[in-house]
Structures are given as structure tokens and as C-alpha cells.
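# Architecture and fold: a report
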Amino acid sequence: MEYNFREIEQKWQANWNADKVYHVTEDESRPKYYVLDMFPYPSGAGLHVGHPLGYIASDIYSRYKREKGFNVLHPMGYDAYGLPAEQYAIQTGQHPAITTEQNIKRYREQLDKLGFSFDWDREVQTCNPKYYHWTQWAFIKMFESYYCKQAQQARPIAELIEVFELQGTKGMDIACTEELSFTTDVWKAKSEKEKQEVLMNYRIAYLGDTMVNWCPALGTVLANDEVVNGFSERGGYPVEQKVMRQWCLRVSAYAQRLLDGLDAIDWTDSLKETQRNWIGRSEGAELQFRVKDSDIEFTIFTTRADTIFGVTFMVLAPESELVKPLTKPEQQAEVNAYLEATKKKTERDRIADRKVTGVFTGSYAINPVTNEAIPVWISDYVLAGYGTGAIMAVPGHDSRDYAFAKHFNLPIVNLIEGADISEESFDAKDGIMINSGFLSGLTVKEAIKKAKEYIEEKGLGKVKVNFRLRDAIFSRQRYWGEPFPIYYDADGLPRPLPYDKLPLELPEVDKFLPTVTGEPPLGNATKWAWDIVNRQVVETSMIDHKTIFPLELNTMPGFAGSSAYYIRYMDPHNDKELVSEKADQYWQNVDLYLGGTEHATGHLIYSRYWNKFLYDIGAVCEDEPFRKLINQGMIQGRSNFVYRINGTNTFVSLNLKDNYEVTPLHVNVNIVSNDILDIEAFRNWNPEYKDAEFILEDGKYLCGWAVEKMSKSMFNVVNPDDIVEKYGADTLRLYEMFLGPLEQSKPWDTNGIDGVHRFLKKLWNLFYGETEAKWVSGVEPTAEELKSIHKLIKKVSYDIEHFSFNTSVSAFMICVNELTSLKCSKKEILEPLIVILAPFAPHIAEELWHVLGNKTTVNDAKWPDYKEEYLVENVVTYAVSFNGKTRFNLDLPAEATREEVEKAALSNEAAAKWTEGKTPKKIIVVPKKIINIVV
RNA sequence: GCUCGGAUGGUGGAAUGGUAGACACGAAGGACUUAAAAUCCUUUGACCAUUGCGGUUGUGCGGGUUCAAGUCCCGCUCCGAGUACCA
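Going along each chain's sequence as written, the residues are numbered from 1 onward. Lettering of chains starts at A and numbering of ligands starts at 1, both following the order in which they are written. Residues qualify for local features only when their pLDDT is at least 70, as the model is predicted, and side-chain atom pairs are given and counted only at 80 or more; totals for whole chains, interfaces and linings, by contrast, use all residues. Values reported for side chains reflect all heavy atoms of the structure, with hydrogen atoms and water molecules removed beforehand.

Put simply, DSSP marks the helices as runs of H or I at least four residues long and the strands as runs of E at least two long, and each gets a number from the N terminus on. In terms of regular secondary structure, chain A is built from 29 helices and 36 strands. Taken along its principal axes, the extent of the C-alpha atoms in chain A is 100 × 85 × 75 Å. Counting every position in chain A, which comprises 935 residues, the buried fraction comes to 53%. Here, two residues are considered to be in contact whenever any of their heavy atoms come within 4.5 Å of each other. For chain A, contacts bridging at least 24 residues in sequence account for 70% of all contacts bridging at least 6. In these tables, accessible area is a Shrake-Rupley quantity obtained with a 1.4 Å probe, and a residue counts as shielded only by the protein chains included in the view. For chain A, the exposed surface amounts to about 42800 Å²; the carbon and sulfur share of it is 49%. For chain A, the distance from the average position of its 106 positive side-chain charges to the average position of its 134 negative side-chain charges is 2 Å. Accessibility here uses a 1.4 Å probe with only protein chains present; expressed as a share of the type maximum, an area under 20% marks a residue as buried, one over 50% as exposed, and anything in between as partly exposed. Under the convention used here, Asp and Glu are negative, Lys and Arg are positive, and both His and the chain ends fall outside the count. Positions of charges follow a simple convention, taking NZ of Lys, CZ of Arg, CG of Asp or CD of Glu.

Here you go:
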């Protein structure tokens, strides 16, 4: 009987589905385990063979944990809001909801073929109102909260209002956009509108005028992590800087907690390091500088307070608010010209040509320590968004300041003994200070400390910790995203919708582009106003009415829906709350999270932030969302090439191509097998090649190959459906794991899949002969057979815990080869083999499990334990080496003592040759079966 | 520039400091077959020997620690990923 994988896989997929074998509920009698995959964005291209890699690994682990007795939550869903569907809608007029639904359907079909153990009853889609209800809910909660730095926690904004009524800002330490200080009386004297504006300074979700990454081609702003080298991540369009009033999330308030939290979670060091860099904590000081002949004062941030005696000029960012007041009339024209020029530069231009540019303001600042007057310049190497947007320049000890000073002929002072600053600055933080007044003679480290103390003592400034992490810009001028549950009242103040009126559903529009007046696409909606009396969405045309107000026209960004989806899986159908206390207490947080590294500074920061906020308001019981995280590597494409002789339609085989002038052309990898071109298929592939001629080697056309990104244009996309059709899902699953270590990127290469397919056939052949079943039960297994299977159980148990799935697959192959040559078809041996294979190849395992007479699903079988006693050998082979070089092998009974081993080693004939009659200096016998004799 | 990875046969890759190259692909030879496919067997790091045993060398380069180093330490070279005027 043959291994008919198509029949087996279809049968069991249908059965599992019908019996809902993967449905899970909270079960207090079993420990929980939560395995999560990063949910996909359903793109129009469908899945290629690289996408399921992580899903296969997580599925193996889920099934393994289940066999180990855990109640495993393993859900799947879709990150369904996003730019591609909207871009497609703009081009074709097709509603993004429709394309998204089609794409999801296609994804589901592809996923279903691979035999995953997802609990589809818990599926979430971020674009579903039942889901984004809770995205909007969390947003309002953030709008109604402030961050108390003393308590290191988010608190209700109502509490802040009470404090302001009682004591103003006195004694408060609140995360804010701008440091404010006022008394009770000042607060009380403010109008409602003014009070709201003050509160906006503190809200965790706030409207702020910020420098944003504006992408004109996409017509929207983008978050920092959505911009790569000055281009949009999606589409690759240029991005420029612009000030806009936008919704923001005060992620920066959580910077320290996001940093500290990393210590307690089990992520790779490199990923933690990436996040640490992104958060960018730096300890330094803020210093006040007075402007000469003026009452203006400004603040700068520095980590090198010790270099205060070497400050020879100051630099402002072009966008700094200080530019205007500090520019002297005689410099005005020059400054204006400079500002114009920098404004035109995109982010990319700034990076591309790092020329030193700048302009003098005409003003001088007074060094608070030396009282020297120093010129204030403007330059775009100072960033408005970091620190205070102004710096003190120390050209002797900062390479950027050095380049600037050299270019504009500004003085350079050396502050460190023996430093050579004639060619470049001395940036290192070591050496002995000179030319530095009271700091001279100290080491740099001592000087930093002393300078900070001095600054605080004299009231010149304060010690300050700065973070690179910025607040997240949360508005997008797009249609296909979550609407903000916000309307604007008569004063133009944003007001949240009542919680009981959520979700606020995305309105229909007739076109997806911005309006003629430049408003976001939601400006096209005819029904997009809020009636505060009847508490409902009404026609936009009714806005003139006193109680009817416009709704927010922006939508939320992609990361809004993906930030807390793992919580929703715990209780996906709850329409009363985000998650019930019971479900939250039971599932807690994600035990194992699998996904790509590309989310290191986006999703994985936002999610942690979002989760910490929810923790603060008591909505969830865990502070960190993902206990352990594994990044699966990317599967790249393996492209094939044919070589066309220039100006002809003749193609020459790989090893002969150097004799001709050729152009390499990508060829569809699906018509190439083991790098040998299927010539007929090639002729039919493209009409252009119908009459192609070939110069062959050994009667074959050999193609060249290269590793590239898997993409349509390289003709190297391999569809999992085709592999499943040809080899079956179990083969695909095993092969993807066999390809190499999970966390490593590697090219897909269909060559080699036969090996694992052959393994499954061999396994099948242990159960079935040519015509009938040949497995037997009730026959005592031999020691060899027991050793083979127990060795396997030990190896696979260890490997799964260490996510080393590739070596597990090898171990299965070895075991099946051994059993085949032992002609072992005994149930007692085969049954545990099936149980541990089930996570990897669930269909064939389920089939054989039932063949052996079991009635329940193999997933509920218990993971077998191995017994050491079967692994012990009667005879141990020692490798005897002299001075570390291996010379011969020695077979001894396993129970031989150390003395017996040594004696046997030395009495051997071969030993005499190497010891040359001398007494060995040392004999080392190690348990690894090595004897080393040192002569 | 900084941070983090990595470098092992023709290829993908195995090796708690203990006989390097498991397992698989590919290749070569053979069995079965009219033939092919499928299946099975043998060989397969390199070099030398080959009538048999065998020998030499070998994990990017140079040092070091150790009885013993692909593995640990120091110094390089190259490749990949992330990040970047962050004061």
C-alpha cells in the first residue's frame, strides 16, 4: 500500500475541522501555554513558501506543549488595515474592504492546507468593528489619562484636574509636551477652552504640533519606523519634514519602563539591544545660556558637561523657536536664505550630502561658567526633535562640531592632556582635563560628575536623562484605518464619544483620495458628524445645527490595531470589555511569540507600550506582553538564470557561457529542477522563447543561480500550494524545518525536498507492505530497537525545547532508517515514534495513530518519556590518543573501572609504539570515551 | 561610524572543550528492469597509497590557554543584519 498523502491530509483536515479538535477554553485543571504568531497582513500576492516558516515552528511547539499536558492557546488572525489595500482602491476604485476580504479568504485557504492547529473560533480581524471597538476604547482611555512620573504610572486626567484646583502644578512631576508651572489661582482664572489646552499638554493621547514625516506621494504622515532612509517603507516614496497638528501617543513617558522591562523578558540579546538603542537613554545635563545684551535665556542638553570650558560657539536647529528672536537684523537676509534652503531638503538629501552648512545669527550667548561671549549659529546638523534643539559646540571633542568649526574657521580648544586635535577631534571619554578651570587635573569621568554637581549647586541647570524615543504620531490622512472616536465641539476642542457608543464605524466614501480642500479622505463622507443630543452619527450637512459637530477626519495608523490583538484572542467575542478578568487571569500573556525581526522598533515597542498602559489602568494583569520571543529568519528566493548570447535567441549552458558574450536572464524557478532547465517548458513559458536554441553540456541545459529576495519580478516565487500538491503538507512542514536553524535566514531551494518525502514513505513502509498492513503488536522489542526509539525521544525532547527543529528532523530520519534495517514494525516501538512525530507531521501521524487502533486524536496523546537504561551500551569504545592525537580504538565492557581502562590502554600493542617504553606522565580518562595518554 | 550576528565539503547544514563533516541534497558506480521511473546498495573534504592495511592534511587569517580547540581568550580579514548628524 502506498503512502497516499493527498487522501490522508484531506481526510484529517476535514475531521479536525468538523470535530473542532483545536478549540480551547479556559481549563483550570491544566496549566496554560500561549503560543502566538505575528498575524499577517493579507496582501494580494498570497502566501509564498517563506511565510509559513514561523507558523510551522509555532505549530510544532504548540502541539508539543499540548502533548506535554498544557492547555495551549494558539490563535490566528489578520492585520487587515493598511496602505496597500487603499492604494489599490485608489487605482481601481475597488473598496478596500472587498479586496481585504478576498485576500483573507485566499490566505485562509492556503493556511488550511498546511494543517495548523489554530483555534479559528478566536480569529480576529483588525478592520472588524467588533475588534476595533477596543482599539477605539483604548484610545479614549489614553485621551483621558496622564502619566505621573512619581508613581511611574498612567492616571485618570480627572485626578489631575483636582490637583490643579488644589495646588496648581506645585509638587507635580508629569510627563508633558512642554514644562508648565502655574498656581491654583492662575488655573482657576482660565476659561474652559484654556483649561482644555493646558490638559492637552499632559494627556497620553494628545493633539500636538509636531514635526512629522510627511509623504506627499501617499498624502499622509508616517511614524519614524515607517520611514527608511528618507523613503516610505510602503511604496518607497520620498518623505519630508513638516509641522502639523496631529494626534500623538506619549510613548516617551514610558521610555524608562520600556527599557527596564527588557531585563525581565526572554528575548534575544540582539533584539533587546535594538530596542535599547531605539529608546536611546542618555544621561547628561541641561544648561541655561543667557543671550548677550538681551533677557532671552535658552537651554541646551549635553552629556559632556565637563567640556564647558571648550565651548566656542552654539548651534540651533533651523526649526528651533529661538531662531527668530536671536537673529539680528543685519543677519536676517542670510538666515532667511538658509532656512529656505534647508526646508527644501528632504530627510534623504540631508543624509545623502552631509555637507557642512550653517549661518551666523548675529547673537552671542554667555557661557554660564566662564562668562565668555560665544557666537550662536544655525545648522541642520542639530536636530529640532532631540534634546532642546540647541547645543553647545565643543569642536575639540566632538567630531561634528569639529567639522563645523573647521569649515567656518571657529576656534578649537583642546581640553585633554596630550590629545592631538590638529586633524580630528578627540571624542573618547578618557584622559586628564586641562584648560578647564576647576576641572583641570581630573579624569574625564571625574570631571563629568563634578561638572554636573557644580551646575546643580550654582543653579545653572539640572541633571537630566534624555531619551531618543519620541512620541508616536497617531494620525494618518487615510481612509482604510480605524476612525478616531472624537468630535470637535463649538470651541473646536476635541471630545471623546461616550464609551457605550463604540465602535464608531468607518463611514462609506465615494472616493478614497483627499478632498478638493486637502482634507483626508473621510472628508468625502456625507454622513460623518456627531449629534450630541441623540448620540448618533448623522449627515455632515447638519453640522450648522448647535448640537451637531464634525467628527475627526484622520484615521489611526497600522500599529493601532496590532498593538493589543494578543489580548483580544483571550476573549474574542466579549462585547462588554476588552477581556474578561477571568480570561485575562487565566491566559495572562504570551508565553512564546514568533515573528520577524523587522518589527523590532515598531510593533514590538508599540505593543509593549500599549500593554503597559492597559496594565496601568487595570485592564490586564501583566506588565509585559511577550515573555519569550523568537525571530524566525527570512526565507529568501533562489533565482535561476539562463544565458542568452547577445543579439541572438540562443541560450548557452552555465559552464560554457564564458566562451560567449552573454546576458543572464531570470528564468522561472518552477521550470528548473536541480538547476537543469526544462527546455520544453521554457519554450512555452514566454512566446519570445518559442524558437529558442540551446547550447547544451552533457545533453543538459544547466542554469546559474543566486540568492535574492523572493519576488515576482525575479521569477523565484514558490507557492506552498504547489508543494503541497506535489509532496503533501507534512513533507513541506518537515522540509521547511529541515532547511536550517529557525532563526537563520536562508534561501528556499526545492532541491532536497525529496529527502524528507522519502523519509515519510519509509515510515509508511514500516506499517504497510506492498499490499497489506505489516505492523504487529504484542511482540517484545529488542534492545537495539528500544535503544533506537529512546535515543530519538531524548533527542527530539531536547531539540524542541531548544527550537532546534532541523536536527529533530534528522533524528527522525536516523531512527526510521535504523528501524527499517532492523525490520522492526512493532507497535510498541512505532507508537511513541508517531506521538513525537505528530507535532511535525500531524496528518500522517494522525492516520497511523488510528491505524494502530487509537480512537482519539494523536494531539491528545501523552508525550513519551525516555528511559536512560535503554541507552546504556554494554561495550564502550574508547578513543585512545597520545598527546592529544588519536591513535586507536579500544572496546571495553561498559562497567570497566578507570584503572581497568588505563591498564587496557597501556597493554595494547599499539600503545607500546607510541609510549616508546616511557612511563606516561599523565593518563586522562574522560566520560566522553576518550583516553589521552601524555608521554 | 556604532551595535549585533556569522565564516565548517560541490550545496543546505551537524558537532554540552573530547574520534570534525551527523542528516539531507547533488555527483559517481552498481543491483532490479526490454527501457524509463520508483526502489535498494556502495563511494563521496582534500592529498598520497590503493592488491589489503593505511598515511598526511583539514573548520576565514595570525597568536594564546589546554592532555585535547570548529568550540574558550587576544589581535586581524571578509560577509550579513540593524541603526545612524541623538550633542
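A word on the protein's contact with RNA strand B. Nearness is judged by heavy atoms alone; a residue qualifies as near a molecule or strand once a single heavy atom is within 4 Å of it. Surveying the vicinity of RNA strand B reveals 46 residues, the closest of which are Thr-303, Arg-400, Arg-758, Lys-928 and Asn-932. Between Tyr-381 and RNA strand B, the recorded distance is 2.8 Å, taken from a backbone N or O atom to a sugar or linking oxygen. Polar contact is defined as a pair of N or O atoms within 3.5 Å, subject to the rule that within protein one atom must be able to donate a hydrogen and the other to accept it, and that residues adjacent in sequence are counted only when both atoms are side-chain atoms. In the environment of RNA strand B, a phosphate oxygen lies 3.0 Å from a nitrogen or oxygen atom belonging to the side chain of Asn-806. Elements supplying a minimum of two residues to the surface near RNA strand B: α10 (269–279), β11 (297–302), α23 (753–767), α25 (805–821), β35 (922–926) and β36 (930–934). Per-element tally for the surface near RNA strand B: the top contributor is α25, with 6 residues. Per-class residue counts for the surface near RNA strand B are 15 nonpolar, 18 polar and 13 charged. As a working rule, the residues Ala, Val, Leu, Ile, Met, Phe, Trp, Tyr, Cys and Pro are called nonpolar, Asp, Glu, Lys and Arg charged, and the rest polar, with Gly in that last group.

Between any two strands, at least two bridges found by DSSP are needed for them to pair. The 4 strands lie next to each other as β6-β5-β9-β17, forming an open sheet whose pairing is antiparallel. The outermost strands of the open sheet, each flanked by one partner alone, are β6 (220–222) and β17 (472–473).

Following both chains from N to C, one finds helix α21 (residues 720–727) and helix α22 (residues 729–738) inclined at 120°, their axes separated by 7 Å at the closest point. On the side of α21, the interface is formed by Pro-720, Ile-723, Val-724 and Tyr-727, while α22 contributes Ala-729, Thr-731 and Leu-732. Grouping the constituent residues of the contact of α21 with α22 by class yields 6 nonpolar, 1 polar and no charged. Axis angles are defined between N-to-C directions and span 0 to 180 degrees, where every axis is a line fitted to C-alpha atoms and, for a helix, only to the segment in contact.

Let's shift gears to the state of the cysteines. Throughout, disulfides are identified as pairs of cysteine sulfur atoms within 2.5 Å of each other. Enumeration over the complete set of coordinates arrives at 0 disulfides. Free cysteine Cys-215: the closest other cysteine sulfur is in Cys-248, separated by 18 Å.

Our focus in this paragraph is the sheet that holds strand β20 (residues 529–531). Spatially, the 3 strands line up as an open sheet ordered β21-β20-β22, and their pairing is antiparallel. In the strand order of this sheet, the two ends are held by β21 (536–538) and β22 (548–550), each with one partner. Averaged over all pairs of adjacent strands, the angle between strand axes in this sheet comes to 40°, irrespective of strand direction. As defined by bridge partners, β20 adjoins β22 across 3 bridges and the pair is classed as antiparallel. Paired with Ala-529 across the bridge in β22 is Pro-550.

Within the secondary structure, Glu-847 is located in helix α27 (residues 842–851). A relative accessible area of 12% places Glu-847 in the buried class. Reaching out from Glu-847, the side chain makes a polar contact with the side chain of Trp-12 at a distance of 2.9 Å. Setting aside residues no more than four positions away along its own chain, Glu-847 makes contact with Ile-8, Lys-11, Trp-12 and Trp-764.

A separate point is the side chain of His-95. Within the secondary structure, His-95 is located in the loop between α3 (83–92) and α4 (96–112). Those residues in contact with His-95 that sit more than four places away from it in its chain are Tyr-479, Trp-480, Glu-508 and Phe-512.

This next bit is on helix α2 (residues 52–67). At 3.6 residues per turn, the α-helix brings residues three or four places apart onto the same side. Here α2 spans 22 Å end to end across 16 residues, near enough to the 22 Å set by a 1.5 Å rise per residue. Most of α2 is tucked away, with 16 of its 16 residues classed as buried. Phi turns positive one or two residues past the end of α2, at Gly-69, with a value near 100°. Expected helix span is given by 1.5 Å per residue-to-residue step, counting one fewer step than there are residues.

Where α2 meets helix α24 (residues 783–801), the axes come as close as 11 Å, and the angle between the chain directions of the two elements is 120°. Put simply, α2 runs oblique to α24. The element α2 and its partner α24 pack so that their crossing is left-handed. Note on element contacts: α24 touches α2 through Ser-797, Ile-800 and Glu-801, opposite Ile-60, Tyr-61, Tyr-64 and Lys-65. Among the residues forming the contact of α2 with α24, the class breakdown is 4 nonpolar, 1 polar and 2 charged. The scheme is simple: roughly parallel for angles under 35 degrees, roughly antiparallel for over 145, roughly perpendicular for 65 to 115, oblique for anything else. Left-handed describes a crossing whose near helix is turned anticlockwise from the far helix through less than a right angle; right-handed describes the clockwise counterpart.

Moving on: the packing of aromatic side chains. Centres within 6.5 Å make a pair out of two Phe, Tyr or Trp rings, where for Trp the six-membered ring is used; the pair is then stacked when the planes are under 30 degrees apart, edge-to-face when over 60, and tilted otherwise. This structure, assessed with the given rule, holds 65 aromatic pairs. Geometrically, the ring pair formed by Phe-309 and Phe-438 is edge-to-face, given 5.8 Å between the ring centres and 70° between the ring planes. Pair noted here: Phe-309 is in the loop between β11 and β12 (313–316) and Phe-438 is in the loop between α14 (399–408) and α15 (444–457), with a separation of 129 residues, a long-range link. Phe-438 gets classed as partly exposed once you look at its relative accessible area, which sits at 29%.

Turning next to the confidence of the model for chain A. Averaged over all residues, the pLDDT of chain A is 90; the fraction at 70 or higher stands at 99%. As a per-residue quantity, pLDDT reports the predictor's confidence and falls between 0 and 100. Within chain A, no element has a lower average pLDDT than helix α13 (residues 347–352), which sits at 57, and none a higher one than helix α5 (residues 129–143), at 98. Quick note on the complex model: pTM equals 0.92, ipTM equals 0.94.

Quick look at unusual backbone geometry now. Cis geometry marks the peptide bond from Leu-502 to Pro-503; its omega dihedral reads 0°. Position of Pro-503 relative to the elements: it lies in the loop between β19 (494–496) and β20. For Asp-293, which is not glycine, the phi dihedral falls at a positive 55°. Assignment of secondary structure puts Asp-293 in the loop between β10 (281–291) and β11. Phi is positive for Asn-409, close to 55°, though the residue is something other than glycine. By the secondary structure assignment, Asn-409 is in the loop between α14 and α15.

Salt-bridge detection follows one rule: a side-chain nitrogen of Lys or Arg within 4 Å of a carboxyl oxygen of Asp or Glu. Overall, the coordinates contain 46 salt bridges when judged by the stated rule. Across the salt bridge formed by Asp-59 and Arg-733, the nearest N and O atoms sit 2.8 Å from each other. Residue Asp-59 is found in helix α2, and its partner Arg-733 is found in helix α22; the two are separated by 674 residues along the sequence. Judged by its relative accessible area of 0%, Asp-59 falls in the buried class. Judged by relative accessible area, which is 0%, Arg-733 ranks as buried.

With 190 residues, the main nonpolar core has Leu-249, Phe-474, Tyr-565, Leu-614, Phe-767 and Phe-840 as its most contacted residues. Per-element tally for this core: the top contributor is α5, with 9 residues. When residues no more than four places from it in sequence are discounted, the contact partners of Phe-840 are Ile-60, Arg-733, Leu-734, Val-796, Ile-800, Phe-805, Ser-808, Val-809 and Phe-812. Core analysis: the next-biggest nonpolar cluster, separate from the first, contains 37 residues, Ala-285, Leu-316, Val-394 and Val-444 among them. Here, nonpolar core means buried Ala, Val, Leu, Ile, Met, Phe, Trp, Tyr and Cys residues that are tied together by side-chain atoms lying within 4.5 Å of each other.

It is worth spelling out a negative patch on the surface at this point. Nonpolar side chains (Val, Leu, Ile, Met, Phe, Trp, Tyr) within 5 Å and like charges within 9 Å form the patches, drawn only from residues with over 30% relative accessible area and no salt bridge. Taken together, the side chains of Asp-173, Glu-178, Glu-179 and Glu-321 define an acidic patch exposed on the protein surface. Within the secondary structure, Glu-178 is located in the loop between α6 (157–167) and α7 (184–189). The exposed category is assigned to Glu-178, whose relative accessible area is 51%.

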